[in-house]
Structure formats: C-alpha cells, structure tokens
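Analysis of the macromolecular model
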Amino acid sequence: MPITAPDYSRYFTDGTSFACGRDMTGTLSAVRVGELALSTGQVVACDPFVYLGSGDVEPFTVAVEPGRYAVDAAVATLVRPGAEPESRPHTRVAAVRLVIRDVEVAGWELALLPGQDPAELGEEEYFGYGVDAGTGCFYDASAENAFPGTQEEEGAVWAAMESVGHGPDVFMAQGEDGHNLAGFTSGWGDGSYPTWIGRAADGSVACFLTDFFVVPHESESETETGAGAGAGAETEVQAP
C-alpha cells in the first residue's frame, strides 16, 4: 500500500525527541513562519527557486476558503550525545504546515495534483513535489507571477531567504499586488516530498503539511536519516 502518514501532532509539540540515525538525537520545536494570504484558496507547494513563475506547477485539487492562514514549521535541533556544544545549533526543518483550522486532525490524505490517482501507487510510494534547490514553499495559485526575478536569482524570494541569518531557515516573502509566499529549507536538502491534507472529524480541511523526512517514520530502520529519495522526482517515489 502507499506510504501512510505518521502522527504529525507530535512534530509540533515542543520538546518531542527522536532518534536520528545511529549517533544523533533530535528535539522538535514549533516555529511560526508567518501568515499566508490565500486570495483564491488554491494552494501550491513547490521549490520556488526552480518552479515559481515557470508555469509548470499546478495547485492541489483540494481548495479552501480564501483568507489568511498561519504557517508553522517543525524545526529539529540535532545533537550527537557527548559531543561538544556547537556555536550554532544544527537545525533542520522537519515539516511545515499551513493551518486552515486550528483543530485536531482526525485523518490524513495525500494532497494531489490534477490527474494523480493514489490507486496507482505501489508499496510505500507517494506523490510529492521535487526539490532541486533545497527549498520548499506554499503560496496561492494567483501569486504565480507575483515574484519576478526569482528564476534570475533576484527579487523578493531571494532577498527574504538571504535575510534569515542564524535562525531556522524559514521566511516570508512579500510579492506584488499583496501576494506573499511562505518559504523554508527542505529537511536534508534535495529530493521529493509529500504534502498531506489533514482533515478534522467533520471532514473539513484542517491543514496542508509537507513532510521532509527528518523524523524517521516508525517503519524505517534507525540507520536511515530521511533524505528524500529520487531527487527531482515530481510524482511517486520510494519513501526513504
């Protein structure tokens, strides 16, 4: 069967710890990225430095009411037990969620693009978006052309990314005509990563969540660290 979603609620619970490979442990904390404007309610997730403004990405088939919604990142701080403390903590963005309703999630389903059918997925496969520049994002479909210069390594998205400094690598970029974009580094880097839709008990959309595989799923061996398999793939790939 296709990959299944773990309990993502613990990812956004400060202090949650996990084993990462044979010699590292991680501790999770929730970080507010910002507030995303969805003027149409059609959500796009992609690598902005590769696909934003290209016309090659589509919004997910599930849309929500237009509005402004919080974006949170689950940031993992990784340490090697017994090692000397580092001057700058080793952090990775484990997952990012776009919160539509701040309620408990009763179930998860893969966020799909037009033409994608979960019935076609094999064992431990999923649909995900390809990352080739180590970064992911959320934005409204109407903001596709609101960030000129991104493909030329200039403009608002590049400036926002470069201003992050020494904090967690998450940022908000302000585009033209009131559009904005929530960006974040993609876990261990390039790969292909699934986005899930969390639904409340009444069936309404609670959130969209991208998993960057920093936290090993229960089915994974402890030696796997979670880099997305099949770098650059945009459809189904083998889960790490």
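In what follows, the structure referred to is the one given above.
Attention here is on the structure that accompanies the text. Every value quoted in this text rests on a predicted model; they were computed, and no experiment measured them.

Describing the overall build of the protein chain
Along the protein chain, the regular secondary structure elements total two helices and 15 strands. Long-range pairs, those at least 24 residues apart, make up 77% of the contacts in the protein chain between residues at least 6 apart in sequence. Total accessible area computed for the protein chain in this model is approximately 10,600 Å², and 47% of it derives from carbon and sulfur atoms.

Remarks on the sheet that holds strand β6 (residues 107-110)
Across the sheet, seven strands lie side by side as β1-β2-β4-β5-β14-β13-β6; this open sheet has antiparallel pairing. Looking at which strands have only one partner, the edges of the open sheet turn out to be β1 (17-20) and β6. Sheet twist, expressed as the average angle between the axes of neighbouring strands with direction ignored, equals 30°.

Quick word on the pattern of salt bridges
In the structure shown here, the tally under the stated rule is six salt bridges. Of the charged contacts, one joins Glu35 and Arg68 as a salt bridge, the two residues approaching to 2.9 Å between their closest N and O atoms. Separated by 33 residues along the polypeptide, Glu35 in strand β2 (residues 24-38) and Arg68 in strand β4 (residues 67-79) bring together distant segments of the chain. For Glu35, a relative accessible area of 42% corresponds to the partly exposed category. For Arg101, the salt bridge is made with Asp202, and the minimal N-O distance between the two is 3.2 Å. On the criterion of sequence distance, the pair formed by Arg101 in the loop between β5 (90-99) and β6 and Asp202 in the loop between β13 (195-199) and β14 (205-211) is long-range, its members being 101 residues apart.

Brief notes about the environment of Gln151
Position of Gln151 among the secondary structure elements: in the loop between β9 (135-140) and α2 (156-162). Assessed through its relative accessible area of 36%, Gln151 is described here as partly exposed. Distance from Gln151 to Leu52, taken between C-alpha atoms, is 7.6 Å for residues 99 residues apart in sequence. Excluding anything up to four places from it in sequence, Gln151 contacts Pro48, Phe49, Val50, Tyr51 and Leu52. Looking at Gln151, its side chain comes within polar contact range of the main-chain oxygen of Leu52, at 2.7 Å.

With respect to the packing of aromatic side chains
Applying the stated rule across the entire model yields nine aromatic pairs. With 5.1 Å between their ring centres and 80° between their planes, Tyr8 and Trp108 make a pair best called edge-to-face. Taken as a pair, Tyr8 in the segment before β1 and Trp108 in strand β6 lie far apart in primary sequence, 100 residues in all. Given the relative accessible area of 2%, Tyr8 is considered buried. Residue class for Trp108 comes out partly exposed when judged on its relative accessible area of 26%. The interplanar angle of 45° and the centroid separation of 4.4 Å between the aromatic rings of Phe49 and Trp158 together place this pair among those described as tilted. Of the two residues, Phe49 sits in helix α1 (residues 48-51) while Trp158 sits in helix α2, which places them 109 residues apart along the sequence. For Phe49, a relative accessible area of 12% corresponds to the buried category. Among the aromatic residues, ring-to-ring pairing joins Tyr126, Phe138, Phe184, Tyr193, Phe212 and Phe213 into one connected group. Sitting over the ring of Phe12, Arg97 keeps its end group 4.0 Å from the ring centre.

Considering the pairing of β13
For a regular strand, side chains alternate in direction, first toward one face of the sheet and then toward the other. Burial of β13 is extensive: four of the five residues sit out of reach of the surface. Pairing geometry for β13 and β14, over five bridges, is antiparallel. Bridge pairing in β14 places Ile197 opposite Phe208. Count of turn residues in the β13/β14 antiparallel hairpin: five residues, of which Gly203 carries a positive phi of about 90°.

What counts and how
Residues numbered from 1 in each chain as written. Predicted model: local features only at pLDDT ≥ 70, side-chain atom pairs only at ≥ 80, totals over all residues. Heavy atoms only, no water. Helix = DSSP H or I, 4+ residues; strand = E, 2+ residues; numbered from the N terminus. Contact = heavy atoms within 4.5 Å. Areas by Shrake-Rupley, 256 points an atom, 1.4 Å probe, with all protein chains shown as cover. Pairing = 2+ DSSP bridges. Axes fitted to C-alpha atoms, helices over the stretch in contact; angles between N-to-C directions. Salt bridge = Lys/Arg side-chain N within 4 Å of Asp/Glu carboxyl O. Buried < 20%, exposed > 50% of the residue type's maximum accessible area, 1.4 Å probe, protein only. Polar contact = N/O pair within 3.5 Å; in protein donor to acceptor, adjacent residues only side chain to side chain. Phe/Tyr/Trp six-rings, centres within 6.5 Å; stacked < 30°, edge-to-face > 60°. Lys NZ or Arg CZ within 6 Å of the ring centre and 35° of its normal.

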